[in-house]
Amino acid sequence: MLGYSTHKEVKIWVQTKLPAKVYAEYFLTDDPKRKHLTQEIISEHKNANVAHLIADELEPGKSYDYIIYVNGKYQEPKTIQRFKTQTIWIGKPSGPPNIKFALGSCAFVNDPKYDTQAKPYGGEYFIYKAIASKNPEFMLWMGDNIYLREPDWESRTGFIYRYTEQRALPELQPLLANVHQYAIWDDHDWGPNDGDTSFWMGATAEEMFKLFWANPNYSKKGIYGSFTWGDAQFFLTDDRSFRTANDNKTGERSYFGKRQLDWLVNGLAFSKATFKFVVVGGQVLNPLSVFENYSTYAEERDLLLSKIKKLKLKNVIFLTGDRHFTELAYLEEGFEYPLYDFTVSPLTSSTHPPITEKNPIRVEGTLVDDKRNFGTVEITGPLKQRVLNLKVFDSEGKELWNREIKAK
């Protein structure tokens with residue numbers, strides 16, 4: 001799997017069946033004779049035989065092919081294995097590059113050995129081929145990227161089993177090998193359904209997330225962090241590590257928690273990015289206090305929105321998952337610059353019965369509640385006239401709707 005990409009460094013994630021010596025060979029796509037090697041890493045049983053390889057002899061704005069070696073043996077690629085470094089653009093007449101990324105949430109993979117549903121809950125895994133066909137530069141996984149079952153969340157062995165089963169899905173391999181991947185989590189990556197900070201295996205959940213995903217940075221506690229791509233900045237948040245139990249309404253209620261909320265607001269205030277994307281496991285702007293919407297933590301939500309308002313932040317887009325339906329929400333009243341919440345769900349999990357929930361800020365014609373789907377986001381145009389284009393596709397890659405947002 002490809003992890004993060006920067007101008008000078010890329011991470012390649014590898015899992016072997018048994019402990020082994022692992023390294024990658026990489027070379028410019030248009031100059032295969034000049035080869036470079038990552039440092040050799042020994043994958044260990046205690047760490048699920050996972051190796052994180054760093055390609056660090058790179059130049060900005062280039063395309064590289066790579067080959068994996070296990071115990072010195074060449075591993076024949078089953079698909080294209082190619083990564084790209086980010087382009088230098090600041091101060092250049094050409095301006096920022098066009099950007100295209102994919103996004104989705106709620107990815108259930110059936111496991112008859114442990115599933116308890118009356119009928120299979122997951123399906124249409126060919127959606128990953130459809131995502132790859134759109135040629136995104138990277139993909140955002142917005143939570144419920146795996147579904148831990150009861151036998152999984154009680155032990156480190158269980159976590160490793162579930163992650164390994166999910167990651168080994170054949171339909172997923174081309175997407176992982178050729179598109180950079182970034183992720184946050186939600187309750188099903190964390191532990192039991194609707195889990196919170198009281199979960200007794202929270203430290204293990206965090207360890208496993210950081211082992212199986214390859215974001216460029218993580219907080220000391222929790223999984224939140226940030227990265228930039230061109231003139232866009234992404235704030236990857238953590239809606240579990242600091243969360244008060246949904247049913248605990250006896251005092252102050254925490255969703256992100258003070259430390260993370262301060263980090264997020266400071267990051268948004270500092271950011272010089274044209275678009276500022278805040279990636280969250282659950283819906284943020286939906287005002288209905290239902291299920292696990294941020295509105296069920298009204299005081300903290302109001303605090304975040306009030307700070308965004310006082311700072312007069314432009315072009316803030318929330319990217320969210322969880323709900324097993326897709327919609328675009330738009331909040332303008334009381335704000336100098338409008339806010340958007342682009343919810344995309346589910347990837348391979350089942351949809352729920354038709355949605356009767358009447359989100360008053362839903363953009364008309366954007367609700368998708370009857371089929372598995374994914375989204376893409378494209379950013380184009382010169383620096384002072386950047387345009388955001390949101391698209392939603394069904395599992396076969398057929399476009400369902402698109403909307404355009406012009407930068408302020």
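Values in this document were obtained by computation on a predicted structure and should not be read as measured data.

### Details of the domain arrangement of the chain
Argument step 1. Assigned domains within the chain: domain 1 (2-85) and domain 2 (99-406).
Argument step 2. Put simply, the middle of domain 1 and the middle of domain 2, counted by C-alpha atoms, are 27 Å apart.
Argument step 3. Residue-level contacts link 20 residues of domain 1 with 22 residues of domain 2.
Argument step 4. Surface buried jointly by domain 1 and domain 2 totals about 1600 Å² across both partners, of which 56% is contributed by carbon and sulfur atoms.
Argument step 5. The largest contributions to the domain 1 side of the interface with domain 2 come from L2, Y4 and W13, which together make up 32% of the buried area.
Argument step 6. The tally of links from domain 1 across to domain 2 stands at twelve residue pairs in polar contact (both at pLDDT 80 or more).
Argument step 7. Elements represented by at least two residues in the side of domain 1 that touches domain 2 include exactly β1 (2-5), β2 (10-15), β6 (50-55) and β9 (82-84).
Argument step 8. A breakdown of the residues in the side of domain 1 that touches domain 2 according to their chemical character gives nine nonpolar, seven polar and four charged.

### Let's talk about the sheet that holds strand β18 (residues 339-343)
Argument step 1. Sheet architecture is open: six strands sit in the order β13-β14-β15-β16-β18-β17, paired in mixed fashion. Only two strands of the sheet have a single partner each, and these edge strands are β13 (225-229) and β17 (327-331). Each adjacent strand pair in this sheet contributes to an overall mean axis angle of 20°, direction not counted.
Argument step 2. Note that strand β15 (residues 275-280) and strand β16 (residues 316-320) share five bridges and pair parallel. Opposite F277, over in β16, you have I317 as the bridge partner.
Argument step 3. Strand contacts of helix α6 (residues 258-270): β13, β14 (232-236) and β15, with the helix running at about 180° to β14, the strand carrying the most contacts.

### Quick notes on the packing of α6 against helix α7 (residues 298-311)
Angle between the axes and distance between the axes: these two values describe a pair of packed helices.
Argument step 1. At a closest axis distance of 11 Å, the pairing of α6 and α7 adopts a crossing angle of 20°. Considering the angle they form, α6 stands roughly parallel to α7. Considering only the axes of α6 and α7, their crossing is right-handed. In contact with L261, L264, V265 and A269 of α6, α7 contributes E300, L303, L304, K307 and L311.
Argument step 2. The residue makeup of the contact of α6 with α7, split by class, is seven nonpolar, no polar and two charged.

Reading the values: rules and limits
Residues numbered from 1 in each chain as written. Predicted model: local features only at pLDDT ≥ 70, side-chain atom pairs only at ≥ 80, totals over all residues. Heavy atoms only, no water. Domains from an automatic or database assignment. Contact = heavy atoms within 4.5 Å. Buried area = accessible area lost by both parts, 1.4 Å probe. Polar contact = N/O pair within 3.5 Å; in protein donor to acceptor, adjacent residues only side chain to side chain. Helix = DSSP H or I, 4+ residues; strand = E, 2+ residues; numbered from the N terminus. Nonpolar A, V, L, I, M, F, W, Y, C, P; charged D, E, K, R; others polar. Pairing = 2+ DSSP bridges. Axes fitted to C-alpha atoms, helices over the stretch in contact; angles between N-to-C directions. Parallel < 35°, antiparallel > 145°, perpendicular 65-115°, else oblique. Left-handed = near helix turned anticlockwise from the far one by under 90°.

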